[in-house]
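Overview (structure and organization)
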Amino acid sequence: MELAALAVEAYVYGYPLVRDLSVVEGFMHTGFGSLPPTPFNHFAHAGRPSSADMPFMSADDTVRSVVQLDLSGGPVLLRLPGTDGADGAYCVFQFVDAWTNSFAYVGRRAAGARAGDWLVVPPGWAGSVPDGVLGVVDAPTSVVSVIGRNICADSSDSEDPERGRALREQPGVTYVEPGTHRTGLPAPDPDVPEALRFFERLRVWMADFPPSAPDQAYQDRFQPLGLLEEGPSPYTRADPALVRALTGGLARGRAWVEEASRAAAARGGWVLDPHLFDYNLDHYGVGTIDSPQWRIADREASYRTRAVAARGSLWGVHGYEAVYAHTLSDAGGERLNGAHSYVLRFEGPPPVGAGWSLAVYDLAGQRIGQALVGRGPVYGEEDGSPAVRIGRVWPDAAESADANRLSAPDGDFRLVLRLCAPGAGMLDGTYAIPAVERTR
């Protein structure tokens, strides 16, 4: 295979690792959105729902708690709050390795709802489990992102202060064994030219955060690119032919990932892909489902899916935990636009085990106003079925007083339907999300 084609494969294969750890690094130094800069092994809490300036998933109706765990000095105890309070609010803590594999979940759907400690251990650890822990989470890599998603009364601490305060105060990290935990990620060689920095990061981080054995066997093919070389960087004085191959492969690989991500987002009607995160083929921990239904059979195809997911939905959850459906068009195929008014008439509440929500976003990804959160039936029609109206101008007094109403922005927008612990009807397609009807 020519070097440039091999570099394309290396880019698609390694993009999730570089994307993930770049976000982890930024999280520690600059923070994201309402999450402040936070070092390893300390929780950061957002007091408001996530927004378009956060790097993971879409902005939505959840308040986030995030911790970047470093296990290089040994295991840690992760104290998590109870996740099934009397209000029935949805909460889950998701564990993601450096390659973006979601390998464990602790929350309402799985692993019980008790507050307590979880032991998170690094690869190859063989120590003793302390008494009193609720369970053990085996991490595939020594850096792990833990993302807590919490839906409050109206998704904000200001309106649900007791729950918000509990979610901020309860989580914590405790070191189990004496050891030296790192304060940053392995640094690439600063003398590598900017054009080759992606591959230098990939080289350094692949060595420090090795993937599963089958993936390591696959990445052996990248030896001619210098990606498996240890010690001093091969890219500081790389052969011109190798430089041309790497820069050309990077451009082609990046273009493929961008185009594949745009194509997935631009399809007409409701777009729902409960299997976008099925690329984890090797690590099944607490709360995951080890089943062919939730695995991509072709390993090389899983690398392509993983890259697309990392580009548009970093740290997204498996479809059995939650799914997002979105649409840009109405029932007639026309783009949704604030110059018009719309209605969604549900034949029944979406089949979910832990609530659902509907929100309006502008095309920059910013949520417009509050999301409509449905933990139970949301009645809006004479026959008792849920109905939601969306628009910018409300000439009809009855419509303007309707509680099941979402504001639209000027210009084009999209709708996002979030479904927590979706039921079989949502996953197998037997439940049809209603088309968006234009009313004016």
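In the block above lies the structure referred to throughout.
A brief look at the structure comes next. (Residues numbered from 1 in each chain as written. Predicted model: local features only at pLDDT ≥ 70, side-chain atom pairs only at ≥ 80, totals over all residues. Heavy atoms only, no water.)

Thoughts on the sheet that holds strand S18 (residues 437-438)
In spatial order, the strands read S16-S15-S12-S18; together these four strands make up an open sheet with mixed pairing. Whereas interior strands pair on both sides, the edge strands pair on one side only; in this sheet they are strand S16 (405-407) and S18. Looking at chain direction, strand S12 (residues 342-345) and strand S15 (residues 387-391) are connected through four bridges and run antiparallel. In the strand pairing of S15, Val343 is matched with Arg389. (Pairing = 2+ DSSP bridges. Helix = DSSP H or I, 4+ residues; strand = E, 2+ residues; numbered from the N terminus.)

Some thoughts on the sheet that holds strand S9 (residues 172-175)
Read across the sheet, four strands follow the order S7-S6-S3-S9 without closing on themselves; strand pairing throughout is mixed. Each end of this open sheet is capped by a strand with a single partner; those strands are strand S7 (135-138) and S9. Averaged over all neighbouring strand pairs, the angle between strand axes comes to 30°, with direction disregarded. Bridge count between strand S6 (residues 116-121) and S7: four bridges; the pairing is parallel. Across the sheet, residue Val121 finds its bridge partner in S7, namely Asp138. (Axes fitted to C-alpha atoms, helices over the stretch in contact; angles between N-to-C directions.)

Points about the nonpolar core
If you look at the biggest cluster of nonpolar residues, it comprises 50 residues, and the most contacted ones within it are Leu21, Phe199, Leu225 and Leu227. Elements with a minimum of two residues in this core: helix H1 (3-29), strand S1 (43-49), strand S8 (143-150), helix H3 (197-208), helix H5 (240-265) and helix H6 (299-312). Counting residues per element, this core draws most heavily on H1, which supplies 14 residues. Excluding anything up to four places from it in sequence, Leu225 contacts Leu3, Leu6, Ala7, Ala10, Tyr235, Leu242 and Leu246. Ranked by size, the runner-up nonpolar core spans 23 residues in total, among them Trp356, Leu406, Leu419 and Tyr431. (Core = buried A, V, L, I, M, F, W, Y, C linked by side-chain atoms within 4.5 Å. Buried < 20%, exposed > 50% of the residue type's maximum accessible area, 1.4 Å probe, protein only. Contact = heavy atoms within 4.5 Å.)

With respect to the pattern of salt bridges
Opposite charge on two side chains lets them pair, provided their charged atoms get close. Across all of its chains, the model carries twelve salt bridges by this definition. Two residues, Asp208 and Arg182, come together in a salt bridge whose shortest N-O distance is 2.8 Å. Residue Asp208 is found in helix H3, and its partner Arg182 is found in the loop between S9 and H3; the two are separated by 26 residues along the sequence. Here the salt bridges share partners, and the residues they tie into one network are Asp70, Arg182 and Asp208. (Salt bridge = Lys/Arg side-chain N within 4 Å of Asp/Glu carboxyl O.)

Here's the deal with the environment of Leu185
The residue Leu185 is located in the loop between S9 and H3 in this model. Along the backbone, Leu185 and Leu21 are 164 residues apart, and their C-alpha atoms lie at a distance of 8.1 Å. If we ignore the near neighbours within four places in the chain, the residues touching Leu185 are Leu21, Glu25, Met28, Phe40, Val143, Trp205 and Phe209.

Here's the deal with the pairing of strand S11 (residues 322-327)
With six of its six residues buried, S11 lies for the most part within the structure. The alternating pattern of S11 places Ala322, Tyr324 and His326 and Val323, Ala325 and Thr327 on opposite faces, both of which are buried. Here strand S10 (residues 271-272) runs beside S11; their pairing, made up of two bridges, is antiparallel. Bridging from a neighbouring strand, Val271 pairs with His326 of S11. Relative to strand S17 (residues 413-420), S11 runs antiparallel, the two sharing six bridges. When the sheet's bridge partners are listed, Ala322 is paired in S17 with Cys420.

Considerations on the packing of H1 against H3
At their nearest, the axes of H1 and H3 sit 9 Å apart, and the two run at 75° to each other. Comparing the axis directions of H1 and H3 gives the class roughly perpendicular. Between H1, through Ala7, Ala10, Tyr11, Tyr13, Gly14, Tyr15, Leu17, Val18, Leu21, Ser22 and Glu25, and H3, the contact on the second element is made entirely by Phe198, Phe199, Arg201, Leu202, Trp205 and Met206. Tallied by class, the residues present in the contact of H1 with H3 amount to 13 nonpolar, two polar and two charged. (Parallel < 35°, antiparallel > 145°, perpendicular 65-115°, else oblique. Nonpolar A, V, L, I, M, F, W, Y, C, P; charged D, E, K, R; others polar.)

Everything listed is a geometric property; what it means functionally is a separate question.
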